[in-house]
Amino acid sequence: MDYTLLNSIASPADLRRLPRTELRKVADEVRAYVLESVSKTGGHLGSNLGTVELTVALHYVFNTPEDRLVWDVGHQTYPHKVLTGRRERMGSLRQLGGISGFPRRDESEYDTFGTGHSSTSISAAHGMAMAAKLKGENRKAVAIIGDGSMTAGMAFEALNNAGVAHGGLLGDVLVILNDNDMSISPPVGALNKYLARLMSGSFYAAAREGAKSVLKNTPLYEFARKFEEHTKGMVVPGTIFEEFGFNYVGPIDGHDLESLIPTLENLRDKKGPQFLHIVTKKGAGYKLAEADPVKYHAASGKFDPAVGFVKPATPPKTTFTQVFGDWLCDMAEADSRLVGITPAMREGSGMVEFHKRFPQRYHDVGIAEQHSVTFAAGLACEGMKPVVAIYSTFLQRAYDQMIHDVAIQNLPVLFALDRAGIVGADGATHAGNYDIAYTRCIPNMAVLTPADEDECRQALYTGFMHNGPATVRYPRGAGVGVVPVKAMAALAWGKGELRRKGQRIAVLAFGTLLYPALEAAERLDATVANMRFVKPLDVDLVTELARTHDAIVTVEDGCVMGGAGSAVTEALNAAGIAIPVLQLGLPDEFVEHGDPAKLMSLCGLDAAGIEASIVKRFGAKPTVVRSTAAR
């Protein structure tokens, strides 16, 4: 496609110099550019195609970056990046050293708030709006949030706070609800375009205030107020947002620039909290994505836009997510008490088949991680066996509920933690680096770290059969290819296994790093144990290996601080055993986005890195002198 206009836009200031008649062409070029870029790099697709016109309109109407745009989640910000000076870097999207797939404050001044998780935008924009008031600055703050993110309680907590004055100050915040789960037929669209422009304009506001002054202190005032509120609510579903203290406008067609721009201009000039409801279509402008928005939510790699996503010629290896999905169905078949819960990640967590086969026992609670955990606790209180399928990074949002509602009551809730460890292209916001540390410190909580696909299936069964809370963590993608055994058998509780017997050095591997540890051990003639459990830790195995070796090495794909290695050192200290311990894991820093294998190598957690770390610390054939008391 010819990108004539797009090539002339180095920043939003260039966009704002264009006549409004050119914006339709700008939007078309941006959409084509995003599609072309994602087809070469992979990344989120449908959501970005759906926000093109909104992005163009926002940067055209508002004085960015002085006016603050806060994007919820941020996976829909590729058009924003294209228009804010990063067009030439889109070829590096989500790659090591390249630009992020999400907003980052250290990447651009136009990325006013770093995001990746949902439902944070209104809180952040409200904070920015109040800061402007306190500093005496005249600027706007805009939160762009999807209908999915509005299912989270945090969004409503923010609305509840932003809609009232604080010390006489009311922030100038605009919340834009990007609703892509609803269509507008042409007649309704035309009507709503008119109503939106009318209700956002000065005439409507002046007429409303004039009527209030005339009717105030008369019996008709309360009647008129309720009539306005509810008749407006009959035309547009805005009553709830008005109750929060926002002036509600919409819904309007989010792809119609002729409606969107004047409405935004009207709202820009208003004081106080404003709420604009727009309706968009995921994948807009790309027929394949419009027809199947779930499939085209994101591209895992390169594809031909003319053809769309195609299945690989060679069937891919079974992923840990698929292992979980198969186990969930088999376990539900065997135990009618099983209830599967997901916070809006049916596809990502491998629950599509479970949903089809067991619809009454399947619960997608929306983006509501806190609720998902307490809901599971309630089920467990009544004798059910809930399984919460959740990404490691998202469970962070329900930490209090894990402790207060599940662990203190010692309820049998199984947490299936997908995307544990390095996740790759999504970067720091989605990294599952911390779950070992933040779960193992909770009393009553068991923590299982299976090494491969078959062990994952058996670990899930083991955790499910345990009469208390348990987490089973597994990474994104496939493992080494160990085919899961259909029969389910519980692992020996709290026990690891010796996988290789060597000399001098004992490597204690937690999770899938068992296999690179075995590879490194072959070259070093080291002993290797597959620990399987972080908690309860196999203390007998740990102490036995400590007493028969000169050094201990722990390996995990989680943060070193407070992780499995820390559990080992705590056990050794408690046993009074003094021995050198090398703890290998993820560093005390946020790991950048990039290819997972490359990132693991940079962190020294591939076979070569593990070997190099051991040699650096102990030498090729380490001899460590210890006191006899340590024996």
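Before any of the text, the structure's been laid out above.
Residues numbered from 1 in each chain as written. Predicted model: local features only at pLDDT ≥ 70, side-chain atom pairs only at ≥ 80, totals over all residues. Heavy atoms only, no water.

### Quick word on the pairing of strand S18 (residues 551-559)
Of all nine residues that make up S18, nine are buried, and the element is covered over most of its length. The sheet contact formed by strand S15 (residues 505-509) and S18 spans five bridges and is parallel. Residue pairing for S18: Ile505 is matched across the bridge by Ala551. Where S18 and strand S19 (residues 581-586) come together, five bridges link them in parallel fashion. Paired with Cys559 across the bridge in S19 is Leu586. For the handedness criterion, the β-α-β arrangement of S18, helix H23 (residues 564-574) and S19 is classed as right-handed. (Buried < 20%, exposed > 50% of the residue type's maximum accessible area, 1.4 Å probe, protein only. Helix = DSSP H or I, 4+ residues; strand = E, 2+ residues; numbered from the N terminus. Pairing = 2+ DSSP bridges. Right-handed = clockwise from strand over helix to strand, strands pointing away.)

### Looking at the side chain of Ser149
Mapped onto the fold, Ser149 is located in the loop between strand S3 (141-146) and helix H7 (153-162). You can call Ser149 buried: its relative accessible area is 6%.

### Remarks on the sheet that holds strand S13 (residues 470-473)
What the seven strands build is an open sheet, ordered S9-S8-S10-S11-S13-S12-S17; its pairing is mixed. With one partner strand each, in any of the chains shown, strand S9 (362-364) and strand S17 (533-535) form the two edges of the open sheet. On average, each strand axis in the sheet is inclined to that of its neighbour by 20°, with strand direction left out of account. Where helix H20 (residues 453-465) meets the sheet, it contacts strand S8 (338-342), strand S10 (385-391), strand S11 (414-418), strand S12 (446-448), S13 and S17, and its direction lies at approximately 150° from that of S11. (Axes fitted to C-alpha atoms, helices over the stretch in contact; angles between N-to-C directions. Contact = heavy atoms within 4.5 Å.)

### Quick notes on the environment of Gln76
Looking at where Gln76 falls in the secondary structure, it is placed in the loop between strand S2 (68-71) and helix H5 (78-86). Residues Gln76 and Thr51 lie 25 residues apart in sequence; the distance between their C-alpha atoms is 6.7 Å. Contact partners of Gln76, with chain neighbours within four places excluded, come to Ser47, Asn48, Thr51, Trp71 and Ile144. A polar side-chain atom of Gln76 sits 3.1 Å from the main-chain amide nitrogen of Gly74. (Polar contact = N/O pair within 3.5 Å; in protein donor to acceptor, adjacent residues only side chain to side chain.)

### Thoughts on the packing of helix H4 (residues 52-61) against helix H12 (residues 257-268)
If you want to describe how two helices pack, look at the angle between their axes and the distance between the axes. Put simply, H4 and H12 touch, their axes get as near as 10 Å, and they point 40° apart. The angle between the axes of H4 and H12 places the two elements in the oblique class. Of the two elements, H4 crosses H12, and the hand of that crossing is right-handed. On H12, the residues that touch Glu53, Leu54, Ala57, Leu58, Tyr60 and Val61 of H4 are Leu257, Leu260, Ile261, Leu264, Glu265 and Arg268. The residue inventory of the contact of H4 with H12, partitioned by class, reads nine nonpolar, no polar and three charged. (Parallel < 35°, antiparallel > 145°, perpendicular 65-115°, else oblique. Left-handed = near helix turned anticlockwise from the far one by under 90°. Nonpolar A, V, L, I, M, F, W, Y, C, P; charged D, E, K, R; others polar.)

### Considerations on the pattern of salt bridges
This structure, assessed with the given rule, holds 41 salt bridges. Of the charged contacts in the structure, one is a salt bridge between Glu519 and Arg523, with a shortest N-O distance of 3.7 Å. Of this pair, Glu519 and Arg523 are both found in helix H21 (residues 514-524), four residues apart, which corresponds to roughly one turn of the helix. Owing to a relative accessible area of 44%, Glu519 belongs among the partly exposed residues under this scheme. A salt bridge links Arg523 to Glu611, with the nearest nitrogen and oxygen atoms 2.6 Å apart. Of the two residues, Arg523 sits in helix H21 while Glu611 sits in helix H25 (residues 607-618), which places them 88 residues apart along the sequence. (Salt bridge = Lys/Arg side-chain N within 4 Å of Asp/Glu carboxyl O.)

### A look at empty space enclosed by the protein
Under the defined criterion, the tally for this structure stands at three cavities of 30 Å³ or more. Approximately 60 Å³ is the volume attributed to the largest cavity. Contributing to the lining of the largest cavity are Phe62, Lys140, Ala141, Asp172, Val173, Leu174, Leu267, Arg268, Lys270, Gly272 and Gln274. Secondary-structure elements contributing two or more residues to the lining of the largest cavity are strand S4 (173-179) and H12. Within the lining of the largest cavity, the residues separate by chemical class into five nonpolar, two polar and four charged. Looking at the second largest cavity, the residues that line it are Ala420, Thr449, Pro450, Arg473, Tyr474, Pro475, Gly511, Thr512 and Asp557. The residue inventory of the lining of the second largest cavity, partitioned by class, reads four nonpolar, three polar and two charged. (1 Å grid on protein atoms, 1.4 Å probe; cavity = no way out; pocket = protein on both sides within 12 Å on 5 of 7 lines; lining within 4 Å. Points joined across faces, edges and corners; volume = space filled by probe spheres on them.)

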